[in-house]
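Here is what each chain is made of, one letter per residue.
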Amino acid sequence: MHFSPEQLKVYFIAGSQNTNHDVDELISIVENACQNGITMFQYREKDSSTLPFANKVAVAQKLKTITNQYGVPFIIDDDIELMRAVNADGIHVGQDDTKIEQVISTCSDKIIGLSTHDQNEVSAANKIDGLDYIGIGPIFATNSKAHVKEAIGIDSLVQLYALANHPAVAIGGIHLNNVHDVLSTDVDGISVISAITKTNNFAKTISTLKGEL
Ligand code: 3NM
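Please read these numbers as outputs of a predicted model, since none were measured by experiment.

Calculation notes
- Residues numbered from 1 in each chain as written.
- Predicted model: local features only at pLDDT ≥ 70, side-chain atom pairs only at ≥ 80, totals over all residues.
- Heavy atoms only, no water.
- Buried < 20%, exposed > 50% of the residue type's maximum accessible area, 1.4 Å probe, protein only.
- Helix = DSSP H or I, 4+ residues; strand = E, 2+ residues; numbered from the N terminus.
- Pairing = 2+ DSSP bridges.
- Near = heavy atom within 4 Å.
- Polar contact = N/O pair within 3.5 Å; in protein donor to acceptor, adjacent residues only side chain to side chain.
- Nonpolar A, V, L, I, M, F, W, Y, C, P; charged D, E, K, R; others polar.
- Salt bridge = Lys/Arg side-chain N within 4 Å of Asp/Glu carboxyl O.
- Axes fitted to C-alpha atoms, helices over the stretch in contact; angles between N-to-C directions.
- Contact = heavy atoms within 4.5 Å.
- Phe/Tyr/Trp six-rings, centres within 6.5 Å; stacked < 30°, edge-to-face > 60°.

1. Some details on the pairing of strand E2 (residues 40-43)
In regular strands, side chains alternate between the two faces of the sheet.
(1) Moving on: Burial along E2 is two-sided: the residues Met40 and Gln42 and Phe41 and Tyr43 are all buried.
(2) Moving on: Where E2 meets strand E3 (residues 74-77), three bridges bridge the pair, whose relative direction is parallel. From the neighbouring strand, Gln42 faces E3, where its bridge partner is Ile75.

2. Regarding the site of the ligand
(1) Moving on: Around the ligand sit 13 residues, and of these Thr142, Ser144, Gly173, Ile193 and Ser194 come closest.
(2) Moving on: Between the ligand and Ser194, the relevant distance is 2.5 Å, taken from an oxygen atom to a side-chain nitrogen or oxygen of the residue.
(3) Moving on: Here the residues of the shell around the ligand are counted per class, giving four nonpolar, seven polar and two charged.

3. Structural notes on the pattern of salt bridges
(1) Moving on: In the structure shown here, the tally under the stated rule is five salt bridges.
(2) Moving on: For Asp77, the salt bridge goes to Lys46, with nearest N and O atoms at 2.8 Å. Placement of the pair is Asp77 in strand E3 and Lys46 in the loop between E2 and helix H2 (53-69), with a sequence separation of 31 residues.
(3) Moving on: Judged by its relative accessible area of 9%, Asp77 falls in the buried class.
(4) Moving on: A relative accessible area of 22% places Lys46 in the partly exposed class.
(5) Moving on: Where Glu121 meets Lys149, a salt bridge forms, and the shortest distance between an N and an O atom there is 3.7 Å. On the criterion of sequence distance, the pair formed by Glu121 in helix H5 (residues 119-126) and Lys149 in the loop between strand E6 (133-136) and helix H6 (153-163) is long-range, its members being 28 residues apart.
(6) Moving on: Look at Glu121 and you get buried, because its relative accessible area is 12%.
(7) Moving on: According to the relative accessible area criterion, Lys149 is partly exposed, its value standing at 43%.
(8) Moving on: Beyond isolated ion pairs, a larger network of salt bridges with shared partners links Lys46, Asp77 and Asp97.

4. Digging into the sheet that holds strand E8 (residues 189-192)
(1) Moving on: If you walk around this closed barrel you meet the eight strands as E1-E2-E3-E4-E5-E6-E7-E8, and the pairing is parallel. Shown here is a sheet whose adjacent strand axes are inclined to one another by a mean of 25°, direction ignored.
(2) Moving on: Each of strand E5 (111-116) and E6 is contacted by H5, which is oriented at about 155° to E5, the strand it contacts most.

5. Re the packing of aromatic side chains
(1) Moving on: Tallied over the entire structure, the rule returns four aromatic pairs.
(2) Moving on: Each ring, one from Phe3 and one from Tyr133, has its centre 6.1 Å from the other, and the planes form 25°; the classification is stacked. Here the residue Phe3 occupies a position in the segment before strand E1 (10-14), and Tyr133 occupies one in strand E6, the gap between them amounting to 130 residues. For the pair Phe3 and Tyr133, one class covers both residues: buried.
(3) Moving on: Considering the side-chain rings of Phe12 and Phe41, the 5.5 Å spacing of their centres and the 50° angle between planes classify their relative orientation as tilted. Taken together, the residues span a long stretch of sequence, with Phe12 in strand E1 and Phe41 in strand E2 at a distance of 29 residues. Both residues of the pair, Phe12 and Phe41, belong to the buried class.
(4) Moving on: What links up through ring pairs into an aromatic cluster is the set Phe3, Tyr11 and Tyr133.

Shown next, in the form of structure tokens:
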């Protein structure tokens, strides 16, 4: 799938660990999120996840069938083998994951994203050809990620985005009560886990994250 920065607008991330290890719940949440307007999805089986590879492939296939129906790009977190197994649209890596140079050399036909957290990481990302977008975060405190860095806040988001020469999504602790501050910056999109996995109103949550409400 061709990458466009518009796809970053509401970038939802989830894995079974975000749904109490309930794969059926994960599938239902992703379907609801697609129906209500997310623009990108990342399958991130990490942290406390215990799913074996074969199960990840089975879940990823089901999720990709759903995202395909809605034209939502399907991204895999840090697993080239899984990405290839389901022919996902892209791959996202963090600073301590598979090296970005390896991802770019082996996945040049895919959408490629990299997490960044400070000036050094954004400057280094600026020099990487073949990278489609970066994540900047965590903006606010979050419990959704193990070993998460300290929150950087809105002012640092503005500075890092100004420094970046790739499209960027803001991530980390973004919820309905603080999304307005993030939307007031020029960032291309907003990425969330718990704002969507824990919502009981998908339409309202996703519209608010898009800045429509
Ligand atoms: N990456 P929530 S923060 C997956 O800073 C992830 O790179 C982050 O979850 C980073 O929306 C994060 O529930 C967790 O806070 C985002």
